[in-house]
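Listed below are the residues making up each chain.
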Amino acid sequence: DFLSLRGYDEDCAPMAGQDVDLVQRFRKLPGAGYRRVRGAACGTAIPNSKEQAISCCDPVIYGGIKWTHMDEVNRQKFNERRRLGQLVRNQDKATLGVSVHPVFP
C-alpha cells in the first residue's frame, strides 16, 4: 500500500505531519482496515538524540521556517488534498525519494 500511495508527500516540507497524512490516506483506501496496537515494539521510532532531532529541524537549512510552521503548512496541504480525494502523491516523479525494495513477494 505504501508504494500504491507513492509514499510520503515529497513536495511538502520534509517533516511535520507526514506520518499522520500517510496513515489517513491508508485509512481511505477501499477495503482498508486497521487496528490499534500497543507496546514498545509497535511504537518504536528511529532513535536519535535531542541534538540530532534539532539539527534536522534547523530553520537555517529550510529558509528560516521552524518546525511549528512546517507542521501548520503541511497539515493544511494534507487536509485539503485528502478532502479532494488526492490519496496518491508524487505522481509526477519516476521514483520515490528513497530506494524501496519489496520484502515480501
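Being a predicted model, the structure only gives us computed values, none of them experimental. Throughout, a residue's number is its position along its own chain's written sequence, starting from 1. For this predicted model, a pLDDT threshold of at least 70 governs which residues receive local features, and a threshold of 80 or more governs which side-chain atom pairs are given and counted, while totals over whole chains, interfaces and linings are taken from all residues. Computation of side-chain values: all heavy atoms of the structure, hydrogens and water removed.

1. What about helix 3 (residues 67-83)?
For the purposes of this entry, the term helix denotes a DSSP run of H or I that reaches at least four residues, the term strand denotes a run of E that reaches at least two, and both are numbered from the N terminus. An expected span of 1.5 Å times one less than the residue number is assigned to each helix. In this model, helix 3 (17 residues) spans 24 Å end to end at C-alpha, consistent with the 24 Å of a helix rising 1.5 Å per residue. Every buried residue of helix 3 is listed here: M70, D71, N74, F78, R81 and R82. Angularly, the buried residues of helix 3 cover 105° about the axis, an arc narrow enough to put them on a single face. Along helix 3, exposed side chains directed more than 90 degrees from the buried face belong to T68, Q76 and R83. When accessible area is computed with a 1.4 Å probe and restricted to protein chains, residues below 20% of their type maximum are described as buried, those above 50% as exposed, and intermediate ones as partly exposed. Relevant arc is that of directions from the helix axis to the C-beta atoms, nothing else.

2. A short note on a positive patch on the surface
The patches described consist of residues with a relative accessible area above 30% and no salt bridge, like charges being joined within 9 Å and nonpolar side chains (Val, Leu, Ile, Met, Phe, Trp, Tyr) within 5 Å. For the accessible areas, the method is Shrake-Rupley and the probe is 1.4 Å, while residue cover comes only from the protein chains on display. In what follows, salt bridge is the name for a side-chain nitrogen of Lys or Arg lying within 4 Å of a carboxyl oxygen of Asp or Glu. Positive charges come from Lys and Arg, negative ones from Asp and Glu, while His and the chain ends are left out of the count. Charge coordinates come from a single atom per side chain, which is NZ of Lys, CZ of Arg, CG of Asp or CD of Glu. A contiguous patch of positive charge, built from R27, K28, R36 and R38, is present on the exposed surface. Its location among the elements puts R38 in the loop between helix 1 (18-27) and helix 2 (50-56). With relative accessibility at 68%, the residue R38 sits in the exposed group.

3. Brief notes about the confidence of the model for the protein
Per-residue pLDDT for the protein averages 78, and the proportion of residues at 70 or more is 74%. Each residue carries a pLDDT value, the predictor's own confidence for that position, ranging from 0 to 100. By mean pLDDT, the top-scoring element of the protein is helix 3 (89), and the lowest-scoring one is helix 2 (67).

4. Thoughts on unusual backbone geometry
The phi dihedral of R6 falls on the positive side, at around 65°, and the residue is not glycine. Topologically, R6 is positioned in the segment before helix 1. In this structure, N90 is a non-glycine residue whose phi angle is positive, near 60°. For N90, the location among the structural elements is in the segment after helix 3. Residue class for N90 comes out buried when judged on its relative accessible area of 7%.

5. Description of helix 1
Because each turn of an α-helix spans 3.6 residues, side chains separated by three or four positions end up pointing in the same direction. Inspection of helix 1 places Q18, D21, L22 and R25 among the buried residues, and these make up the whole buried set. Taken end-on, helix 1 shows its buried residues confined to a sector of 100°, consistent with a single buried face. Residue contacts are defined here by distance: any two heavy atoms, one from each residue, within 4.5 Å place the two residues in contact. Where the residues of helix 1 are buried, they touch helix 3.

6. Some details on the pattern of salt bridges
If you walk through the whole model with that rule in mind, you get nine salt bridges. Between R81 and D11 there is a salt bridge, with the nearest N and O atoms lying 3.0 Å from each other. Linking R81 in helix 3 with D11 in the segment before helix 1, this pair joins segments that are 70 residues apart in sequence. A residue is classified by how much of its surface remains accessible, and D11, at 46% relative accessible area, is partly exposed. Where R89 meets D21, a salt bridge forms, and the shortest distance between an N and an O atom there is 2.9 Å. With R89 in the segment after helix 3 and D21 in helix 1, this pair connects stretches of sequence that are 68 residues apart. The burial state of R89 is the same as that of D21; both residues are buried. Through salt bridges that share partners, D9, D11, D21, R25, R81, R82 and R89 make up one connected network.

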